[in-house]
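Listed below, chain by chain, are the residues.
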Amino acid sequence: MIHFFYLACLLTFTDSVFSKRFGAPIKTNDRPIIGVLAQDVFNATPQRNAYIAASYVKFLESAGARVIPVMINRTEDEYKRLFNSINGVLIPGGGASLQSSGYSKTATIFYRLALEANSKGDYFPVWGTCLGFEMLTLLTSGESLLSQTNTRGVALPLNFTDDVRDGRLFREFPEELLKSLATERLTVNSHKWSITTESFNKSEKLKSFYRVLSTNSDGQNEFVSTMEAYDFPIYATQWHPEKNAFEWRRRYIPHSGRAIETGFYTAHFFISEGITLNLCLYNTHFFISEARKSLHSFPSVTEERKALIYNYKPEYTATLNAFEQLYYFD
Ligand SMILES: *[C@@H]1O[C@H](CO)[C@@H](O)[C@H](O)[C@H]1NC(C)=O
Ligand SMILES: *[C@@H]1O[C@H](CO)[C@@H](O)[C@H](O)[C@H]1NC(C)=O
Ligand SMILES: *[C@@H]1O[C@H](CO)[C@@H](O)[C@H](O)[C@H]1NC(C)=O
């Protein structure tokens, strides 16, 4: 095994030397487009059946991606076409049902498509935040393993696990930021359900699929707060990297320099992570790289333009709910 990976590293190295010397491009996509799942509005009204919090859009844009909204309750064919046009998907936080909402149906389809594509070598990264994290535990394990925790509005430092060293997500984070993440309250928790470390450990399916990168405690129960799939570009945080720079309605959201960096480096990882040489020194999984490695594209520029979130106007909703701005869809 070891030999194989050294060989792989050697080849990667040779490959990049070759491409520098002879200008042979390693194919990456510098125009990534990420789909953000919309979700059901609790009290839907005409033209307001689904929404996306604008902070998720800004979060991805800040790291160099464009965004398209993935509407709920569309046909499987439509989702397949979309899947083949975009370079990754973000399953956001919120309050939709994990069992019976438009959100859960869409997430289920995209998860399946992502597993199929990645298994065939068609790179497609998936990110889950908060409810999206919880959705992924359900999709991977096939059962609801969540427990209630007292974590509805608190910023916490991360308790990194020993496995973080073998992981990908935090590898390119600056050393000083990692120190701050481990000691300062930089990650926003705004959830009442969590997967406890105990439940996670009892699930063979979760344990064999995800590497746990960090945990947290509500004082009573320890829960998983960051995880990444071993063999797929699937990442999830129970905390909210998008809130630090873009949401202001809750006093517990940190806005310090380190807090903003936390959001940025998280988005940067998802959008930009590329194959780097030092990877080989740290990691046995060398096929790494997120949205820029997905080569999906829209069939035409016209279709791309029609799909982009720029076609929709966010509304200022700070007096109505916990978000500064929402996109509403019918
Ligand atoms: C979307 O589908 C869900 C689940 O089937 C349903 O509850 C919801 O009413 C649908 N929403 C719209 C806007 O059609
Ligand atoms: C879960 O498993 C990890 C890794 O094996 C271990 O470090 C941790 O203590 C376990 N946690 C619980 C609550 O069983
Ligand atoms: C980190 O883990 C320790 C030991 O389980 C726990 O007491 C502490 O509350 C955790 N810290 C956070 C911020 O969750």
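Residues numbered from 1 in each chain as written. Chains lettered and ligands numbered in written order. Predicted model: local features only at pLDDT ≥ 70, side-chain atom pairs only at ≥ 80, totals over all residues. Heavy atoms only, no water.

Peer 1: What am I meant to see in the site of ligand 1 here?
Peer 2: In the vicinity of ligand 1, the residues found are Asn-49, Asn-73, Ser-100, Gly-102 and Lys-105. Between Lys-105 and ligand 1, the recorded distance is 3.0 Å, taken from a side-chain N or O atom to an oxygen atom. The residue makeup of the shell around ligand 1, split by class, is no nonpolar, four polar and one charged. (Near = heavy atom within 4 Å. Polar contact = N/O pair within 3.5 Å; in protein donor to acceptor, adjacent residues only side chain to side chain. Nonpolar A, V, L, I, M, F, W, Y, C, P; charged D, E, K, R; others polar.)

Peer 1: Whenever I open this one, the packing of helix H6 (residues 175-183) against helix H10 (residues 257-272) confuses me. Can you help?
Peer 2: To describe two helices that pack against each other, one gives the angle between their axes and the distance between the axes. Interaxial distance between H6 and H10 falls to 10 Å at its minimum, and their mutual angle equals 110°. The pairing of H6 with H10 is recorded here as roughly perpendicular in orientation. Of the two elements, H6 crosses H10, and the hand of that crossing is left-handed. Across the interface between the two elements, Glu-176, Leu-177, Ser-180 and Leu-181 of H6 pack against Arg-258, Glu-261, Thr-262 and Tyr-265 of H10. (Axes fitted to C-alpha atoms, helices over the stretch in contact; angles between N-to-C directions. Helix = DSSP H or I, 4+ residues; strand = E, 2+ residues; numbered from the N terminus. Parallel < 35°, antiparallel > 145°, perpendicular 65-115°, else oblique. Left-handed = near helix turned anticlockwise from the far one by under 90°. Contact = heavy atoms within 4.5 Å.)

Peer 1: Please explain the packing of aromatic side chains as it appears in this structure.
Peer 2: Here the distance between the centres and the angle between the planes together describe a pair of aromatic rings. Throughout the structure, instances matching the rule amount to 14 aromatic pairs. Ring pairing ties together the aromatic residues Phe-160, Phe-170, Phe-173, Phe-264 and Tyr-265, which thus form one cluster. When the ring centre of Tyr-328 is taken as reference, the NZ or CZ atom of Arg-48 above it lies at 4.2 Å. (Phe/Tyr/Trp six-rings, centres within 6.5 Å; stacked < 30°, edge-to-face > 60°. Lys NZ or Arg CZ within 6 Å of the ring centre and 35° of its normal.)

Peer 1: Would you mind going over the sheet that holds strand E3 (residues 48-53) with me for this structure?
Peer 2: Spatial strand order, E2-E3-E14-E13: four strands in an open sheet with antiparallel pairing. Sheet topology places strand E2 (39-45) and strand E13 (315-316) at the edges, where each strand pairs with a single neighbour. Sheet topology places E13 next to strand E14 (residues 325-329); two bridges connect them, and they run antiparallel. Across the sheet, Tyr-316 pairs through a bridge with Gln-325, a residue of E14. (Pairing = 2+ DSSP bridges.)

Peer 1: Can you walk me through the site of ligand 3 in this structure?
Peer 2: Close to ligand 3 lie Pro-157, Asn-159, Asn-216, Ser-217 and Glu-222. Asn-216 is positioned such that a nitrogen or oxygen atom in its side chain is 3.0 Å from an oxygen atom of ligand 3. One of the backbone nitrogen or oxygen atoms of Ser-217 is found 2.8 Å away from an oxygen atom of ligand 3. In isolation ligand 3 exposes 360 Å². Once the protein is present, 51% of that is buried. The class makeup of the residues in the shell around ligand 3 is one nonpolar, three polar and one charged. (Areas by Shrake-Rupley, 256 points an atom, 1.4 Å probe, with all protein chains shown as cover.)

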